[in-house]
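So you can see what is in the structure, the chains are spelled out below.
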Amino acid sequence: MNRHLIRLAALALGCFAASAVAAEARRPNFLFILVDDQSPFDLKVYDPKSPLETPVLDRLAAEGMVLDGAYHMGSFSGAVCTPSRHMIMSGRTLWHLPISPGAKQRDLCPPDLEQNTIPAVFNRAGYATMRTCKVGNSYEAANKLFTVRRDATKRGGTDETGSAWHAEQVLDYLAERQTNQDAAPFLIYFGFSHPHDTRDGKPELLAKYGAVNHADRNSLPPANPKAPSLPINYLPAHPFHHGHPNLRDEVSVSGVWERRDEITIRNELGREFACSENIDIQIGRVLKKLDEMGELDNTYIFYTADHGMAIGRHGLQGKQNLYQHTWRVPFLAKGPGIAAGSRAAGNVYLLDVLATLCDLAGIESPETNEGRSFRPVLEGKQDTVRDVMYGAYCGGTKPGMRSVKQGEWKLVKFDVLEGQVRETQLFHLAENRDELLAQHHHPDVVALTGNQPEKHQVNLADDPRYAQQLARLEALLLEEMRRCNDPYRLWNQPDDGLQLPAEPTPAKKAKKPAVPRP
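Below, the structure is looked at part by part. Given the structure is predicted, the values throughout are model-derived calculations rather than measurements. (Residues numbered from 1 in each chain as written. Predicted model: local features only at pLDDT ≥ 70, side-chain atom pairs only at ≥ 80, totals over all residues. Heavy atoms only, no water.)

A closer look at the sheet that holds strand β13 (residues 400-406)
Heads up, the condition is: What makes two strands pair is DSSP finding at least two bridges between them. Helix and strand assignments come from DSSP, with helices taken as H or I runs of at least 4 residues and strands as E runs of at least 2, each series counted from the N terminus. Contact between two residues is taken to exist if any of their heavy atoms lie within 4.5 Å; hydrogens are not considered. For helices, the fitted line uses only the C-alpha atoms of the stretch in contact; every axis is such a line through C-alpha atoms, and the angle between N-to-C directions lies from 0 to 180 degrees.
Read across the sheet, five strands follow the order β4-β12-β13-β14-β15 without closing on themselves; strand pairing throughout is mixed. A strand with exactly one partner marks an edge of an open sheet, and here the two such strands are β4 (74-75) and β15 (421-428). One ladder, built from six bridges, connects strand β12 (residues 388-393) with β13; its direction is antiparallel. Along β13, the bridge assignment pairs Val388 with Gln406. Sheet strands touched by helix α14 (residues 467-483): β12, β13, β14 (409-416) and β15. Its angle to β14, the strand with the most contacts, is close to 65°.

As C-alpha cells, then:
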C-alpha cells in the first residue's frame with residue numbers, strides 16, 4: 001500500500017514538473033523593433049500612395065494590428081530621441097524623467113529609476129534580454145542592464161556599416177540560443193541606426209528610389225524622375241520661424257542643409273526610403289530565423305520609431321515639431337491574441353510600451369511606471385486607452401510648442417523667440433489630415449505637389465465659426481500641461497506661480513535670425 005502511494009505521489013510530482021516546464025515554454029517572447037526617425041506616412045499602411053516598398057512590414061500589418069494613433073509625448077531637447085527613448089525604457093512621462101528640466105529638484109522622478117526599466121524588469125522575471133541599437137542619445141543607465149548588448153551606430157551604405165549589422169547581431173544571438181539550447185523566454189530590443197541621417201543607402205536601393213548619397217554642399221543632387229514625389233504638405237519654407245535658431249536638423253543635415261527645393265527634398269526622401277527598405281529586408285531575415293526555430297508564433301512583435309520626421313513637410317526637415325508627420329509614430333503589432341488585419345486608434349504613447357510588455361508577459365508593472373497597457377486594444381476589447389493626447393517641444397527657445405488632440409480636433413501653439421512668434425493652429429483632422437495651411441493653396445506650391453487643397457483645408461484658429469472649439473481645446477491644453485507637470489506656460493495662459501527650471505548656459509550664444517514673414 002505504501003509503495004502504491006509513493007508511486008502515485010511520484011507520478012503527481014512528475015506531472016506537476018512537466019506542467020511547470022510546459023508553462024515556462026508557453027511564456028511569450030518579445031521582439032521590440034525600433035527605427036530611428038521615421039514618419040508613419042512613409043509606410044503604405046498609413047499612406048497607400050507612398051512609393052516605399054516594405055513587404056515584410058506590410059505582411060506584419062496584415063497578420064496583426066496597425067495603430068493609427070501612436071505618439072511620442074515630446075522633447076525638451078533638440079535631440080528628440082533622448083527623452084523618447086527614456087520614456088520607452090521607463091514608462092515615465094515627459095516631465096518625470098531623470099533628465100527632465102527640474103524633475104529631480106521638484107521630486108518628480110524617483111531615484112535609481114533604471115532598476116525599473118524594461119531590461120531590469122524582464123531580467124528579474126527570468127527573461128533573457130538582448131539589445132542592439134545605435135550608441136548615444138538614449139538611456140545609458142538602462143541600456144547597460146541588458147544581459148547581452150551589442151550596440152554600434154551604423155548609418156553606412158554597406159552591409160558592414162549599415163542596417164544589416166544590427167540584424168546580424170540578433171541572428172548571432174538567436175544562433176547562440178540554439179547552440180546552448182536556451183529555453184528561457186527572450187526579450188530582444190532590435191534597434192536600427194537608420195533611417196536617421198546621414199542617410200547613406202545601399203547603391204541598388206538608392207537607384208530604385210532615384211537618389212544619390214549627396215555630400216557636396218555647394219551643388220544640388222542630380223534630378224531624377226524616379227525620386228519620390230514631394231509630400232502633399234510640402235512647403236518651400238515654414239510660414240514662420242519654428243523657434244529653435246541654428247537647429248542642427250534644419251540647417252546641418254548632410255545632403256540637405258538649409259535647402260528646401262524640390263530636387264533636394266525628393267533626393268533626401270529617396271535616401272530615406274532606400275534606408276527604410278533595407279531595414280525591412282533585415283527584419284525579414286530575423287523573422288525567418290524565428291520561424292525556423294519554431295519561435296515566431298509565440299513571439300510578440302512590435303514595430304515603431306522613436307518619433308516621426310518632416311523632410312520637406314511644412315517646410316521643415318527635422319523632428320522638432322508637433323505636426324502629425326512628426327508627433328505621430330508608426331506602430332505595428334503581431335502576436336498571440338492579436339487579430340490579423342485589425343486596426344485601432346489606440347491613442348497610445350511610446351511610454352505605454354513597458355506597461356504593455358509587462359501585461360502580455362504576466363509581469364507586474366513597476367510602481368514607477370506611468371504608462372497604460374494597451375493590451376485591451378491589441379486584443380480588440382477597446383479602441384483607445386485614453387481620450388486626450390498631449391505633446392510638447394521646447395528644445396529651442398522657451399516655452400516652445402505645445403499640442404493637444406481630442407478626437408479629430410487638434411490644437412498647436414507656438415510661443416518662441418522671446419515672444420516674437422506667437423501662433424495658434426487649429427485643425428480638424430477628419431477633413432484636413434495633412435494639416436494643410438493657407439500657404440499650401442498657393443499656385444506655386446500646388447504646381448509642385450500636384451495637390452489642390454479644398455477651401456476648408458486650412459488653419460481654423462482665426463475662423464469665428466470655430467471659436468468655441470478653439471476655446472475648448474485651449475482649456476484642455478492647459479489642463480494637460482498642469483496634469484503632466486509641464487514647467488512652462490504660454491503667453492495666453494496663467495503662469496500658475498511656476499518657477500522656471502534653470503537652463504544650462506551655452507558655451508557660445510548663437511545669433512538669432514530675423515523672423516520671416518508668413
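Here's the deal with the nonpolar core
Spelled out, the test is: As used in this record, nonpolar core signifies buried Ala, Val, Leu, Ile, Met, Phe, Trp, Tyr and Cys residues forming a set joined through side-chain atoms within 4.5 Å. Relative accessibility under 20% of the residue-type maximum defines a buried residue, over 50% an exposed one, and the middle range a partly exposed one, all with a 1.4 Å probe and only protein chains included.
Met73, Trp95 and Tyr390 are the most contacted members of the largest nonpolar core, which totals 48 residues. Among the elements of the structure, β12, β13, β14, β15 and α14 are those that each provide at least two residues to this core. Contacts of Met73, omitting those with residues within four sequence positions, involve Met87, Thr93, Leu94, Trp327, Tyr349, Leu351, Tyr390, Gly391, Ala392 and Cys484.

Concerning the side chain of Asn267
Here Asn267 lies in helix α9 (residues 262-292). The residues touching Asn267, leaving out its near neighbours within four places in the chain, are Gly210, Ala211, Val212, His214 and Pro221.

Concerning helix α3 (residues 81-90)
Of all 10 residues making up α3, 10 are buried, and the element is well covered by its neighbours. All of the buried residues along α3 are Cys81, Thr82, Pro83, Ser84, Arg85, His86, Met87, Ile88, Met89 and Ser90. In the stretch just after α3, Gly91 is the one whose phi turns positive, near 70°.

Remarks on the packing of aromatic side chains
Defined as follows: The criterion for an aromatic pair is that two Phe, Tyr or Trp rings (for Trp, the six-membered ring) have centres within 6.5 Å, with stacked assigned to planes under 30 degrees apart, edge-to-face to planes over 60 apart and tilted to the rest.
Going through the model one piece at a time under the given rule, you end up with 16 aromatic pairs. Judged by centre distance (5.7 Å) and plane angle (75°), the rings of Phe30 and Phe122 are edge-to-face. On the criterion of sequence distance, the pair formed by Phe30 in strand β1 (residues 29-36) and Phe122 in helix α4 (residues 118-124) is long-range, its members being 92 residues apart. The same class applies to Phe30 and to Phe122, which are both buried. Chaining the aromatic ring pairs together yields one cluster made of Phe30, Phe122, Tyr127 and Tyr300.

Quick look at the sheet that holds strand β6 (residues 148-149)
In any sheet, the strands associate via hydrogen bonds between backbone groups, in a parallel or an antiparallel arrangement. Strand order in the open sheet made by the eight strands is β6-β5-β7-β1-β8-β9-β2-β10, with mixed pairing throughout. This sheet does not close on itself; its edge strands, each paired only once, are β6 and β10 (342-344). Here β1 pairs with strand β8 (residues 299-305) via seven bridges, running parallel. From the neighbouring strand, Ile33 faces β8, where its bridge partner is Tyr303. Helix-sheet contacts for helix α6 (residues 163-180) involve β5 (128-132), β6 and β7 (186-195), and the interaxial angle to β7 is about 165°. The sheet contacts of α9 involve β1, β7 and β8, and relative to β7 the element is tilted by about 160°.

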